[in-house]
Structure formats: structure tokens, C-alpha cells
Amino acid sequence: PGEKSQARALAVVSSLFEYWHSTGYLQGNPAAGLTAGARAQAGFAPKRFVPAQLLQRCDDWIAQSVAGNPGLREWRRAAIWTVFRTSGARLAELAWNPTEKMPHLTDDATNGTVLTVLGKGNKFRLIPLPSMTTPVLEAYRHARGLTWPITALEEVPLFHGDKGGALGARGLY
């Protein structure tokens, strides 16, 4: 068989073993790394959808909004922007899910600040946040009357709504 036929056969075998592993039929995936997907993507260069200059202007605008004596709305806006900009989470993942009590922040000396979200396929994702997010989140939480570091049993929305409760997906957009 030709090279393309062999690659396709390997992809089918790899996919089958990955399915068996993901459904729990197998404890490990013996075909992990079998396909040459990395070679096919070697030339891929991700590009930003938003120009760096525009991102900088947004960062500057947020910084100006919390300079001086900001209110709760300004801190909320800064917290949303900072988490969205640095976490890679989708806006829909940042909306409060009352059933799962997500998204949720944890903060400790070992791991720093970690954002847990409920992602696609109802899978939990743990996203370590860069240290630059901590002062913004801490100030926002203090403006809300919440403590920092976060208590382990806390079950409050990450972002509050204007009328109390949680800020939903439409409010985040």
C-alpha cells in the first residue's frame, strides 16, 4: 500500500484505541503517538484574531478605569477582562453554572491562582492563572466584600450581576 493508505490505516487504529481508552474499556492507550499528526501540523503558525495594538489599547483602558477611586463595576470589568485575556477560557465558560458551582477560583501558595471551568463536553478544566491576575481578582473580591485568599468551601459566582446573583453569559458578552 501507498504512504497515504498506511497513514490512514494508522489513524483508524489510533482512533479506535483512543475511543476504547476514553470510554474506560482500556486502562492505557497503546496506540498513543502512533499517528504522525505532529508532522502534518509542523508548519502551523497560530495567528491572533485581534491585533496586538488593539489588545494594548484595551489593557490601557482597563488600567485607567481602575486608577484613582474605582467602584465595584470598574473592578468587575477589570476582573472579567483580565481573566478572559489571560486564561484562554471561553466567555461561556466564565458564566456561572449554579448546578456545578462553576467557574471556581482556588488560590494557594503551591499552585497560585487556579480557575476551574466546565468546558465543552461538560469536562472540567483547571487553568493556572498568571500572577498578574492576582491583584486584580483580589481587589475585585474586596470590592464585593469577599476575602482573599479564597476559602475552600466558598460557592459564590465568579462575577456578580448588577441586580444581585451571577453575571450570565449574555452579561459577559
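Use the structure listed above.
Residues numbered from 1 in each chain as written. Predicted model: local features only at pLDDT ≥ 70, side-chain atom pairs only at ≥ 80, totals over all residues. Heavy atoms only, no water.

### Quick look at helix 3 (residues 52-65)
- Helix length check: helix 3 (14 residues) gives 20 Å between terminal C-alpha atoms against 20 Å at 1.5 Å per residue, within 8%.
- Residues of helix 3 that are buried: L55, I62 and S65. Down the axis of helix 3, the smallest arc covering the buried residues is 85 degrees, so these residues share one side. Turned more than 90 degrees off the buried face of helix 3, the exposed positions are A52, Q53, R57 and Q64.
- Where helix 3 is buried, its residues touch helix 4 (72-87). (Helix = DSSP H or I, 4+ residues; strand = E, 2+ residues; numbered from the N terminus. Expected span 1.5 Å × (residues − 1). Buried < 20%, exposed > 50% of the residue type's maximum accessible area, 1.4 Å probe, protein only. Arc of directions from axis to C-beta. Contact = heavy atoms within 4.5 Å.)

### Details of the nonpolar core
- Membership of the largest hydrophobic core comes to 25 residues, with the highest contact counts inside it found for L94, L105, L115, L137, F159 and L172.
- Among the secondary structure elements, those contributing two or more residues to this core are helix 4, helix 5 (91-94), strand 2 (112-118) and helix 6 (133-144).
- Of the residues forming this core, the biggest block, five residues, is contributed by helix 4.
- Those residues in contact with L94, other than ones at most four positions away along the chain, are V83, F84, A89, P103, L115, V117, L158, F159 and L172. (Core = buried A, V, L, I, M, F, W, Y, C linked by side-chain atoms within 4.5 Å.)

### With respect to a nonpolar patch on the surface
- A surface patch of nonpolar side chains, about 210 Å² in accessible area, is lined by L10, V13 and L34.
- Take V13: its relative accessible area is 36%, and that puts it in the partly exposed class. (Patch = residues over 30% accessible without salt bridge, like charges linked within 9 Å, V, L, I, M, F, W, Y side chains within 5 Å. Areas by Shrake-Rupley, 256 points an atom, 1.4 Å probe, with all protein chains shown as cover. Salt bridge = Lys/Arg side-chain N within 4 Å of Asp/Glu carboxyl O.)

### Digging into helix 1 (residues 3-22)
- For helix 1, built from 20 residues, the straight-helix expectation of 28 Å at 1.5 Å per residue is met to within 8% by its first-to-last C-alpha distance of 28 Å.
- Backbone geometry just after helix 1 places G24 at a positive phi near 90 degrees.

Nothing here speaks to function; it is geometry throughout.
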